[in-house]
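Structural characterization, general
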Amino acid sequence: MESINFLTILAAILNFIILYAILRHFFFDKVKKVVNDRQESIENKLLEADEDAEKARMMLLENERILKSAKQEGKAIKEKEKKKAEKIYQEIVEDANKEAHAILERSKVEINREKAKAEDEVKKQAVDLALMLSAKALEESIDEEKHRKLINDYISKVGI
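The structure presented is a predicted model; accordingly, all values stated were derived computationally and were not measured.

What follows is about the UniProt feature "transmembrane region" (unreviewed entry) in the chain. Within this structure's numbering, the places UniProt gives as "transmembrane region" (unreviewed entry) are residues 6-23. The span residues 6-23 carries 100% helix and 0% strand; its end-to-end C-alpha distance comes to 25 Å.

Enumeration according to the criterion identifies 6 salt bridges in this entry. Across the pair Arg106 and Glu99 runs a salt bridge, and its minimum N-O distance is 3.8 Å.

The next subject is the UniProt feature "coiled-coil region" (unreviewed entry) in the chain. UniProt's feature table lists "coiled-coil region" (unreviewed entry) at residues 101-128, given in the numbering used throughout. Helix makes up 100% of residues 101-128 and strand 0%, with an end-to-end C-alpha separation of 40 Å.

A few words now on a positive patch on the surface. A cluster of basic residues, Lys71, Lys75, Lys78 and Lys82, forms a positive patch at the surface. Note that Lys78 resides in helix α1 (residues 6-138). Owing to a relative accessible area of 60%, Lys78 belongs among the exposed residues under this scheme.

With that settled, consider the packing of aromatic side chains. One pass over the structure, following the stated rule, counts 1 aromatic pair. Ring plane angle 75 degrees and centroid distance 5.4 Å describe the contact between Tyr20 and Phe28, whose orientation is recorded as edge-to-face. By relative accessible area, which is 41% here, Tyr20 ends up partly exposed. The exposure class of Phe28 is partly exposed, given its relative accessible area of 36%.

Take the environment of Glu105 next. Relative to the elements of secondary structure, Glu105 occurs in helix α1. Glu105 sits in the partly exposed class, given a relative accessible area of 44%. With 16 residues separating them along the chain, Glu105 and Glu121 place their C-alpha atoms 24 Å apart.

Okay, a negative patch on the surface next. Together, Glu48, Asp50, Glu51 and Asp52 make up a negatively charged patch on the protein surface. With respect to the element layout, Glu48 can be found in helix α1. Relative accessible area serves as the criterion here: at 47%, Glu48 is assigned to the partly exposed category.

Quick notes on the rules
- Residues numbered from 1 in each chain as written.
- Predicted model: local features only at pLDDT ≥ 70, side-chain atom pairs only at ≥ 80, totals over all residues.
- Heavy atoms only, no water.
- UniProt positions renumbered as here; feature names shortened; annotations may be inferred.
- Helix = DSSP H or I, 4+ residues; strand = E, 2+ residues; numbered from the N terminus.
- Salt bridge = Lys/Arg side-chain N within 4 Å of Asp/Glu carboxyl O.
- Patch = residues over 30% accessible without salt bridge, like charges linked within 9 Å, V, L, I, M, F, W, Y side chains within 5 Å.
- Areas by Shrake-Rupley, 256 points an atom, 1.4 Å probe, with all protein chains shown as cover.
- Lys, Arg positive; Asp, Glu negative; His and termini not counted.
- Charge placed at Lys NZ, Arg CZ, Asp CG, Glu CD.
- Buried < 20%, exposed > 50% of the residue type's maximum accessible area, 1.4 Å probe, protein only.
- Phe/Tyr/Trp six-rings, centres within 6.5 Å; stacked < 30°, edge-to-face > 60°.

Shown next, in the form of structure tokens:
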């Protein structure tokens, strides 16, 4: 078996300690700083991500509220326009009914006027016919004016 050289082991331990002290003095602080910076960067990004997620959630809620409000406003406008259309429809129907009644009234007045005109014409023809018949029946000429008056009185009483 080979003998263990304590001097070599001691030199290796001493070299390791010196190397560790040099690395610690020159590099550990820098490595530690890089690790801490990286950790802070990751934590900041996580916080920003959480904040962005919260902002997105708030925006989503706000958008949903705005959408709901817009839908309600749209319904209100639709109902308002529907009522306006119904009012216009009713006005048109009322105007048409008024116009129909006015035409009907004018027609009734015209019919009554024509009826009266026709009755007067019939009376006039009846009087003329009666005069002609009575003149022929009597074969003499009588006072035409007096005879007209008698016939008109008779027709008024009879109601022709």
